[in-house]
Amino acid sequence: MPQLIFICEDEKHMAETFKTIMVNQVEIEQIKLYFSTDLRQNEETLEKTLVEFKQDAKTKKYKMEDVEVKLLGI
């Protein structure tokens, strides 16, 4: 399954980028969107550096959640 990772300046920039994608309806079907920051990518391992925006079932609002993704068999 394809994955697209946006590297942003900080968490505020991640939220702004996600909002722009949603407002302009430029999501790509069947592609998972992940977000990260410059500083997160400087960690010793990349296992816990990605964020995904998930919608709350009750409030319908999106929130950032850290995700652990296995990339390239790492």
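Everything that follows concerns the structure shown earlier in this document.
Just so it is clear, the model here is predicted, and its values are computed rather than measured.

Section: the packing of aromatic side chains
In step 1: Scanning the model with the defined rule gives five aromatic pairs in all.
In step 2: With a centroid separation of 4.3 Å and an interplanar angle of 5°, the aromatic rings of Phe-18 and Phe-53 are classed as stacked. With Phe-18 in helix α1 (residues 11-23) and Phe-53 in strand β3 (residues 50-55), the pair connects residues that are 35 residues apart, well separated along the chain.
In step 3: For the ring pair Phe-35 and Phe-53, a centre distance of 5.1 Å and an interplane angle of 90° mean the geometry is edge-to-face. With Phe-35 in strand β2 (residues 32-37) and Phe-53 in strand β3, this pair connects stretches of sequence that are 18 residues apart.

A short note on the nonpolar core
In step 1: Counting residues in each nonpolar core, the largest one holds eight residues, listed as Cys-8, Met-14, Phe-18, Ile-21, Leu-33, Phe-35, Val-51 and Phe-53.
In step 2: Only α1, β2 and β3 provide two or more residues apiece to this core.
In step 3: Examining the composition of this core, we find that three residues originate from one element, α1, more than from any other.
In step 4: Not counting residues up to four positions away in its chain, the partners in contact with Phe-35 are Phe-6, Cys-8, Met-14, Thr-17, Phe-18, Ile-21, Thr-49, Leu-50, Val-51 and Phe-53.

Section: the side chain of Glu-52
In step 1: One can find Glu-52 in strand β3.
In step 2: Among the polar contacts made by the side chain of Glu-52, one reaches the side chain of Lys-32 at a distance of 2.8 Å.
In step 3: In contact with Glu-52, other than residues within four places in its own chain, are Lys-32, Leu-33, Tyr-34, Lys-63, Met-64, Glu-65 and Val-67.

Looking at the pattern of salt bridges
In step 1: This structure, assessed with the given rule, holds five salt bridges.
In step 2: Between Asp-66 and Arg-40 there is a salt bridge, with its nearest N and O atoms 3.1 Å apart. Within this pair, whereas Asp-66 is found in strand β4 (residues 62-67), its partner Arg-40 is found in the loop between β2 and β3, the two being separated by 26 residues in sequence.
In step 3: Two residues, Glu-65 and Lys-54, come together in a salt bridge whose shortest N-O distance is 3.9 Å.

A look at the layout of surface pockets
In step 1: A volume near 200 Å³ is recorded for the largest pocket.
In step 2: What lines the largest pocket is a set of 14 residues, and nearest its centre among them are Glu-27, Ile-31, Lys-32, Leu-33 and Glu-52.
In step 3: The residue inventory of the lining of the largest pocket, partitioned by class, reads nine nonpolar, one polar and four charged.

The rules behind each value
Residues numbered from 1 in each chain as written. Predicted model: local features only at pLDDT ≥ 70, side-chain atom pairs only at ≥ 80, totals over all residues. Heavy atoms only, no water. Phe/Tyr/Trp six-rings, centres within 6.5 Å; stacked < 30°, edge-to-face > 60°. Helix = DSSP H or I, 4+ residues; strand = E, 2+ residues; numbered from the N terminus. Core = buried A, V, L, I, M, F, W, Y, C linked by side-chain atoms within 4.5 Å. Buried < 20%, exposed > 50% of the residue type's maximum accessible area, 1.4 Å probe, protein only. Contact = heavy atoms within 4.5 Å. Polar contact = N/O pair within 3.5 Å; in protein donor to acceptor, adjacent residues only side chain to side chain. Salt bridge = Lys/Arg side-chain N within 4 Å of Asp/Glu carboxyl O. 1 Å grid on protein atoms, 1.4 Å probe; cavity = no way out; pocket = protein on both sides within 12 Å on 5 of 7 lines; lining within 4 Å. Points joined across faces, edges and corners; volume = space filled by probe spheres on them. Nonpolar A, V, L, I, M, F, W, Y, C, P; charged D, E, K, R; others polar.

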